[in-house]
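Here is what each chain is made of, one letter per residue.
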Amino acid sequence: MLNFGVLTALFLEVCILTGTANAKTALKAAKKIEQDVSAIDINMGCPKEFSLKGGMGAALLKKPETIKEILTTLVKNVSIPVTCKIRLLPDMEDNIKLVQLIQDTGVSALGIHGRLTEERPRHPNRNHIIKSLTDILHIPVIANGGSKEILHYSDIDKFRESCGASSVMIARAAEWNTSIFRSDGPLPVKDVVKEYIKVALDMDNGFVNTKYCILMMMRSDMDQQEGLDTQDSKGLEELCDIWGMSDYLKKVTMERKAKQDQVDKYLGVKRRKLEDGKYCIEMPIRFYKKDYPVSISPKLKLYEWTKRNHVVKPNYLTTERTQDRCFKCVMELENVCYTSTFWEKSKQLAEQAAAIVGLTVLNEDDGRKPDIESANDDVISVWRREFQDDTIYRHKVGNSGKDGNSNMVASSGDKVDDNKTVTCDISNENCTESNKKKCS
Ligand SMILES: Cc1cc2nc3c(=O)[nH]c(=O)nc-3n(C[C@H](O)[C@H](O)[C@H](O)COP(=O)(O)O)c2cc1C
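Bear in mind that the values here come from a model prediction, so they are computed numbers and not experimental data.

This part is about the nonpolar core. Counting 40 residues, the largest nonpolar core has L71, L110 and A143 as its most contacted members. When neighbours within four sequence positions are excluded, L110 is seen to be in contact with T83, C84, V99, I102, Q103, L137, I139, V141 and I142.

Put into structure tokens, the structure is as follows:
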């Protein structure tokens, strides 16, 4: 279960734990993430001021009608399981009413933290109250609040049993030593810290958060030199030095730089093989309408090019992405596909961008007003410098085999592609004068 601030339990799938104050916004948020997570857990246990002030978290415990409305709305309208997490109320009768109300909304499970809203982690967790509530419910209960009694893997099950629950949610015990989930027993904290630093470096996690997490792990060993030095550390290099991870930092930094250099060098220009065996050339190109005269567009320019070269006109296949309604277009010209890296706000923008990519490869003018600088210029000059002369990237005219000109070859800009056999049929009335000359 991935919670915005902390890893509270390890599931193979991601469940989002989130706060909300009313059914309408809860549903709006749930709909946005419904396709990306396996379950939605509504947090009715957070005692922090920001949650309470916003009417979220534990503030909901005093508003049973709102709880009912939020949960029933979600259960009815989302396609994935909905669960919720509560803290205890001071009065047992109120607890019983609350959990029954929650169960009746149709939620798939209920998480119970055995402390009151105003209690802090130093207060004992009321496992026996969780057990009494579990006994009267028929939905699965997830017991929470037991980190202090979980020092070994086997303690997880002891905690679960003492609460009569079907599973357990763990926050701090996992924060203190992630290897608490190892059935052979936890690893020494210092080893875990080193492994953690590797993950933090691989993920490019910021220094401040990395330091905070290490200090959480070292909490009971803060008298040790590494702990004290970590507390004083001012940057990632120093932190890695303390933990003997400087070589790993160097390796990650070098790999990242090499990757960045590669991206900078080619500015994201790529040639990919598609599932159907065709090639697709992709460039981070955009269509900026203001750069073009009213009556001219890249699509029009490309169409004119196909007419001049007697080839089948381009086919624009545009996909709409459901989550943000953005568009991406793949323009197919003579069995080669051209696309922009970017998703655009409209189908037109996506199609025009794909046409510019095609025209760039064909070395054709895309119709832009003269002397107008564009953000596309860097990409186009990378194309010209790095790719244009490479035969595998060049567009081979006559590749479609659909219009009677399939064997006639002339590369863009009137250059003949060296790699292609030129078997022009001069008798073909559609053949251009320039191609006839090349073949004769
Ligand atoms: C760093 C941290 C962040 C937390 N963030 C949340 C949160 O966003 N929402 C929530 O419901 N509980 C949050 N909790 C509380 C835990 O989910 C859990 O209820 C509490 O820590 C008691 O369980 P434990 O004994 O296993 O730590 C957080 C706990 C910690 C330590």
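For the rest of this paragraph, the subject is unusual backbone geometry. Even without being glycine, L267 reaches a positive phi, approximately 45°. In this structure, L267 sits in the loop between α12 (246-266) and β8 (270-273). Judged by local crowding, L267 falls into the partly exposed class, with 16 C-beta atoms found within 10 Å. A positive phi angle, near 60°, is found at D371, a position not held by glycine. Mapped onto the secondary structure, D371 falls in the loop between α14 (347-361) and α15 (377-387).

Structurally, H113 is set in strand β5 (residues 109-116). Taking the number of C-beta atoms within 10 Å as the measure of exposure, H113 has 26 and is therefore buried. Each C-alpha atom, one on H113 and one on I130, is 7.9 Å from the other, the two residues being 17 residues apart in sequence. Non-local contacts of H113, meaning those with residues more than four positions away in its chain, are made with G45, K85, R87, N144 and G145.

A word on the packing of helix α3 (residues 64-77) against helix α4 (residues 92-104). For the pair α3 and α4, the least separation of the axes is 9 Å and the interaxial angle reads 20°. Compared by their axis directions, α3 and α4 come out roughly parallel. Handedness of the α3/α4 crossing: right-handed. Of the residues in α4, those in contact with P64, I67, K68 and L71 of α3 are L98, L101 and I102.

Direction vectors running N to C along helix α8 (residues 189-202) and helix α9 (residues 207-217) enclose 165°, while the axes themselves pass 10 Å from each other. Accordingly, the angle class assigned to the pair α8 and α9 is roughly antiparallel. When you trace α8 past α9, the crossing you get is right-handed. Here V189, V192, V193, Y196 and A200 of α8 lie close against α9, whose contacting residues are T210, C213, I214 and M217. A per-class count over the contact of α8 with α9 returns 8 nonpolar, 1 polar and no charged.

What counts and how
Residues numbered from 1 in each chain as written. Predicted model: local features only at pLDDT ≥ 70, side-chain atom pairs only at ≥ 80, totals over all residues. Core = buried A, V, L, I, M, F, W, Y, C linked by C-beta atoms within 7 Å. Buried ≥ 20, exposed ≤ 12 C-beta atoms within 10 Å, placed from the backbone. Contact = placed C-beta atoms within 7 Å. Helix = DSSP H or I, 4+ residues; strand = E, 2+ residues; numbered from the N terminus. Axes fitted to C-alpha atoms, helices over the stretch in contact; angles between N-to-C directions. Parallel < 35°, antiparallel > 145°, perpendicular 65-115°, else oblique. Left-handed = near helix turned anticlockwise from the far one by under 90°. Nonpolar A, V, L, I, M, F, W, Y, C, P; charged D, E, K, R; others polar.

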